[in-house]
Number of protein chains: 4
Amino acid sequence: MRYFKSDNTAAVSPEILEAIAGANSGAAVPYGTDQWSERLNHVFGEFFGREVRVFAVSSGTAANSLALATLCPPWGTVLTHAEAHIERDECGAPEFFTGGAKLSLVSGAGARIAAADFAARLDWFEPHVHGVQPRVLSITQATERGALYTPAEIAALAKIARDRGMRVHMDGARFANALVAQDVSPADLTWKSGVDVLSFGVIKNGGMNAEAVVFFDPALVADFEFRRKRAGQLFCKGRYASVQLLAYLETGLWRRNAQRSNKLAARIADTGRQWLSEPFATNQVFMKLGQERIEALARQGFAFYPWGPAGSGECRFVCSWDTPDEDVDALCAALKAVS
Amino acid sequence: MRYFKSDNTAAVSPEILEAIAGANSGAAVPYGTDQWSERLNHVFGEFFGREVRVFAVSSGTAANSLALATLCPPWGTVLTHAEAHIERDECGAPEFFTGGAKLSLVSGAGARIAAADFAARLDWFEPHVHGVQPRVLSITQATERGALYTPAEIAALAKIARDRGMRVHMDGARFANALVAQDVSPADLTWKSGVDVLSFGVIKNGGMNAEAVVFFDPALVADFEFRRKRAGQLFCKGRYASVQLLAYLETGLWRRNAQRSNKLAARIADTGRQWLSEPFATNQVFMKLGQERIEALARQGFAFYPWGPAGSGECRFVCSWDTPDEDVDALCAALKAVS
Amino acid sequence: MRYFKSDNTAAVSPEILEAIAGANSGAAVPYGTDQWSERLNHVFGEFFGREVRVFAVSSGTAANSLALATLCPPWGTVLTHAEAHIERDECGAPEFFTGGAKLSLVSGAGARIAAADFAARLDWFEPHVHGVQPRVLSITQATERGALYTPAEIAALAKIARDRGMRVHMDGARFANALVAQDVSPADLTWKSGVDVLSFGVIKNGGMNAEAVVFFDPALVADFEFRRKRAGQLFCKGRYASVQLLAYLETGLWRRNAQRSNKLAARIADTGRQWLSEPFATNQVFMKLGQERIEALARQGFAFYPWGPAGSGECRFVCSWDTPDEDVDALCAALKAVS
Amino acid sequence: MRYFKSDNTAAVSPEILEAIAGANSGAAVPYGTDQWSERLNHVFGEFFGREVRVFAVSSGTAANSLALATLCPPWGTVLTHAEAHIERDECGAPEFFTGGAKLSLVSGAGARIAAADFAARLDWFEPHVHGVQPRVLSITQATERGALYTPAEIAALAKIARDRGMRVHMDGARFANALVAQDVSPADLTWKSGVDVLSFGVIKNGGMNAEAVVFFDPALVADFEFRRKRAGQLFCKGRYASVQLLAYLETGLWRRNAQRSNKLAARIADTGRQWLSEPFATNQVFMKLGQERIEALARQGFAFYPWGPAGSGECRFVCSWDTPDEDVDALCAALKAVS
């Protein structure tokens, strides 16, 4: 089987395992007060070029939901794209963590939110007690359809949000892939453009079971730590989560892994460019191959997801940091053969 | 520093790291459908001598809360000891996961619930809509004061619970320590005595970041899997949690580690037996040393918690699987010196 | 000021006040066990032609939310129209009462859900733990744009819902208006067409502060009564709510009031038929008068709501049971004058 | 049957019905923006001698829970007496409204919290994320055992609360009875002693279905109005709730009714003084009559509740504003007969 289903089927990068082994001797104070956890703020602060507050959690769902619950009251609403992970793939986790806040959906090509559509959706909300109040904008970088937001686009959205007293959350499950795909700094793509809180994905890009929630404004941390504990996301042996996050940044793993998976995906996108159903940008490739070609590839042992509504003929190929070169070779050959 | 604060300051057993490394090659289907996760039910079933359903989560708090949320409706109440971890140390996680169910407290020596006290507490509840309804009994094995429940004691409690239509949850954060301390089988200590769901602790006894929730009745699983996903506790790279649980049982790690920590603690208990404030049973030792001796030990570099209300003169020493022999030697010597 | 803003600005019908006064002597057992409350099931059962279970609550929001919370688990979703009251006008009450379930929206003219659109929306949901599960369809009768569902249309929707294991809730804030507008029985418009639970509106049609939640299947009542108490909606002096519901049916008030408000609205709709932006059916009239005419009418002392997005030129006129004839005369005259 | 079960079995005072009838003409803007609702703040402000913010809700449970949810975050805890209504009689409503906050219980004679016991209970809580944080003290005036807090006693409790950053809530279901029983002002018994929010009971003392939530500090109102709407407690025909509250204060009803019920109860307490199991203070009388006498009175047609654990021989008699004089005569005679 040659896997192109998702980057979440990948193994863990050796750098991560080494970091874990390196932390594995003797006693360490628990619950995030160990020497590794205490370095998180500093290391991430260097990465982002400003003081930040960083917290480890065990899944992207937890990262997103805890961030949103901290920013959005129960009677608030989070504006997000109709295809966002928080809307489609988390079984209502944001609603659970927030105590019943709402997600209000915006449509748009590429699973991206355009500033005009965001502004138009906001017009539905009136400042009275009968309706939920827009409090957070959540965007995904890269999006569920592999698209990117540029710093300028983020800034435009953040401006609208700010004018309504809203905060901006970025679901960065594939943040590293988005970052290496653009010639910008981590700061440009986040706080300099108006992002308040980032779910900084590590797992899909070589990590094991730790993601980072990054607050760019310490004041916004508010009661996050109580909420994290209460959600079962404060780990007694916290060092094993923290060292994953440290190794991810300090060894440059984030960049190496993202560059490799993006490059592999680029080969697929290039080979099948006549079928691209979304502009290619990161490590995800969307193609309208048609049902027949999809089935032919599946028969040849390629594992990947159909996409969109049933019968759409669209599919998605994702490359991971550890996707074998020969699997990409084979897929490119197969694509040429069916064309 | 010589650490006797808690078993949660320990490192991870090599068997666990080896299991993780052993699973770390190539792609694996995500979200608990990998080959390791699929073996969980079988391996735990063998251990407990009956068909079970097992789920990995990332913390004991998550294990307890998800189990309770599955068993207890929002308008229900969980009877538990006033010193239980779910009441004192989880920042209201059970209330959060259940959607606002209540914990109703029972007192009792050794942080244990006596059958008569449980029955008496139940008398407060009337079967009408004005009050919450008792739905779950949650007991801790071993308790927060190191005490054990025998199978007969569990059965007596479970009988009372069953007669009221309640279910029985066991917080087994230190289940292995409790098991090796009694000459009984895993089955005797759980389902044969009436336990419906067990939070089976791994982390404190050598694990890294995976605990098991074990359902002894498949029907009780109910909507647990939706709740787990929704809580951010379904891991995309699920194999790394599952192999920890498998290695814990299959390599006999649970027994080796628990036996060692219990044995080390026994030396301390024996040395300080004139001060024991709780009968000694597992890997926790409670002593009423008095303020002066406590301070003397602290000055000598022993790290441990004072216990009970301020000024009680009581303290707790906990041994881990990796507590150095020489640390125990030193503590025993120091105890002799202050006596 | 001549009021056409909403039927919720109306006064209370004398029949209701008389019923309250008639119940106001001597002690009555509290919390819905009084003689009046005990008659609710019987009287509503007669009205609907089958055994029902009826509960009084103090607002339409409470009626809807408690019904939905009883039918939908926290990890479920309620499919409803994007303009539904539960989505737009209840500040997230369904999310609050359900413990964070989701509303999933369906579009459609007239704020009505077409069977094909409902079926298409259901295709988004897959039977796995990553997404919320569709558990309830909630339709509004009459809709927020004054449209009706016929029994056949309800049956078609209910069939689709039933095939997915879903339940059907009807928000009947204006149920009486919908009923008198169609030549069908209460049974036809509810349980015979597949409705499981009805929020039976009384307040907008002459009541004071009691609405009825009607379960057509006693098994679905489930834990409704615990949820109601827990929501502060079980009234100690329950008789004063129950007598409102009894009087509403037993004096024929539901019919008289609905017929009158529908008839008054029909005059307005007829007068302004060239501007109707929705087919007229009950006591609500939607017109695209244009900004200029809207302002002219406002200047003349007519109070009514603009409708739709800002600048749409649409507005809504609602008649109540107590809208003065002369107010309708005046409005019709004014409409003629601006045409 | 002669009713002494509770003041919630009473009828509604004529003054309340008259006020409702008086408001019942013509249209009124809905949702608490009508002319009556707008006078609430002023009238209650006069009563309490300072600027207040007042909101009507439909039950005491809703009043308490909405007040607590506004003051206490989900990870907080409300300290209250173990016999408090919010703990024993509201089916977990505070936990529901707060999103899973905890109630932490304090014992004490007369269902009263003594300052020393409150302070001792606070010692259990540590300022870290592992435990819930004490945020609110909730006391009941008069208590569930008919006892009173004096202004000095309230001030002592409030001082302790304030020093811990906590707020003070008073459940005043029988506030008027407590007030007329002490020679103090409404201000003395509330904000001057440190009460932040009062659930001001009207229903048990002659009202129909409206209670008042009174905030003495406008800043504490915070998001109360969103929470109220979201809980289905914002009434479209709000005038019918508001006029009850206005009539209660403006006609002096609160005083007349409370004085009468207190006086009737005093006769019972005086007659049975040898059996009093609680010091008598308001309209509740607690007696240890013994099982035999209790049964004798029951056989004679007196309806009242046994109190305390089964077989305690204790019972409670409550007088309402409309308890007939002859019922009290009869009870006093019967008490003499059984002595």
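What you see is a predicted model; the values in this text were computed from it and never measured.

Parameters and conventions
- Think of each chain on its own: its residues are numbered from 1, step by step along the sequence as written.
- Chain A is the first chain written and ligand 1 is the first ligand written, with later ones labelled in order.
- Residue-level local features of this predicted model are given only where pLDDT is at least 70; pairs of side-chain atoms are given and counted only at 80 or more, and the full residue set underlies all totals for whole chains, interfaces and linings.
- Side-chain measures were taken over the full set of non-hydrogen atoms in the model, leaving aside hydrogen atoms and water.
- For helices, the fitted line uses only the C-alpha atoms of the stretch in contact; every axis is such a line through C-alpha atoms, and the angle between N-to-C directions lies from 0 to 180 degrees.
- Strands are runs of DSSP state E lasting at least 2 residues, helices are runs of H or I lasting at least 4, and numbering of each runs from the N terminus.
- The cut-offs work like this: below 35 degrees is roughly parallel, past 145 is roughly antiparallel, 65 to 115 is roughly perpendicular, and the gaps in between are oblique.
- Each crossing gets its hand from how the near helix is turned against the far one by less than a right angle, where anticlockwise is left-handed and clockwise is right-handed.
- What makes two residues a contact is simply this: any of their non-hydrogen atoms within 4.5 Å.
- When residues are sorted by character, Ala, Val, Leu, Ile, Met, Phe, Trp, Tyr, Cys and Pro go into the nonpolar class, Asp, Glu, Lys and Arg into the charged class, and all the rest, Gly among them, into the polar class.
- Copy-to-copy superposition: least squares on the C-alpha atoms, limited to residues that have pLDDT of at least 70 in both copies.
- Buried area is a sum: the accessible area each of two parts loses on coming together, probed at 1.4 Å, counted once for each and added.
- Salt bridges are counted wherever a side-chain nitrogen of Lys or Arg sits within 4 Å of a carboxyl oxygen of Asp or Glu.
- In the analysis that follows, any N or O atom pair within 3.5 Å is treated as a polar contact, provided that within protein one partner can donate a hydrogen and the other can accept it, and provided that, for residues neighboring in sequence, both atoms belong to side chains.
- Buried means the residue's accessible area, taken with a 1.4 Å probe over protein chains only, is under 20% of the maximum for its type, while exposed means over 50%, and partly exposed covers the values in between.

## Overview of the packing of helix 12 (residues 291–299) of chain A against helix 13 (residues 325–338) of chain A
Residues and elements named next belong to chain A.
So, step 1. One way to put it is that helix 12 packs onto helix 13 with a least axis distance of 11 Å and a crossing angle of 140 degrees. Between helix 12 and helix 13, the angle is such that the two are oblique. The handedness of the crossing between helix 12 and helix 13 comes out as right-handed. Here helix 12 contributes Arg293, Ala296 and Leu297 to the contact with helix 13, which in turn contributes Leu331, Ala334, Leu335 and Val338.
So, step 2. When the residues that make up the contact of helix 12 with helix 13 are grouped by side-chain class, the tally is six nonpolar, no polar and one charged.

## Details of the relation of the copies chain A and chain C
So, step 1. The transformation that overlays chain A on chain C combines an axial shift of 0.0 Å with a rotation of 180 degrees, and the residual RMSD is 0.0 Å. Within this description, the copies of the chain are treated as partners about a two-fold rotation axis. Residues of chain A ranked by C-alpha distance from the rotation axis are headed by Gly100(A), positioned 2.1 Å from it.
So, step 2. Counting the interface residues of chain A, we find that 100% of their copies in chain C are interface residues as well, pointing to one common contact surface.

## Remarks on the relation of the copies chain D and chain C
So, step 1. With an RMSD of 0.0 Å, the operation that places chain D on chain C is a rotation of 180 degrees combined with a shift of 0.0 Å along the axis.
So, step 2. The share of interface residues of chain D whose copies in chain C are also at the interface is 100%, consistent with both copies meeting through the same surface.

## Digging into the interface of chain D and chain C
So, step 1. Across the boundary between the two partners, chain D contributes 46 residues, which contact 46 residues of chain C.
So, step 2. Roughly 3,900 Å² of surface becomes buried between chain D and chain C when both sides are summed, with 58% attributable to carbon and sulfur atoms.
So, step 3. Between chain D and chain C we count zero salt bridges in total.
So, step 4. Our enumeration of links across chain D and chain C arrives at 28 residue pairs in polar contact (both at pLDDT 80 or more).
So, step 5. Listed by contribution, the elements that provide at least two residues to the side of chain D that touches chain C are helix 1 (14–22), helix 3 (60–71), helix 5 (93–98), helix 9 (224–230) and helix 10 (239–250) of chain D.
So, step 6. When its residues are assigned to classes, the side of chain D that touches chain C shows 24 nonpolar, 14 polar and eight charged.

## A word on the environment of Arg267(C)
Residues and elements named next belong to chain C.
So, step 1. Structurally, Arg267 can be placed in helix 11 (residues 253–271).
So, step 2. By relative accessible area, which is 32% here, Arg267 ends up partly exposed.
So, step 3. For Arg267, the residues in contact, after removing those within four places along its chain, are Asp325, Val328, Asp329 and Cys332.
So, step 4. A polar atom in the side chain of Arg267 sits 2.7 Å from the side chain of Asp329.

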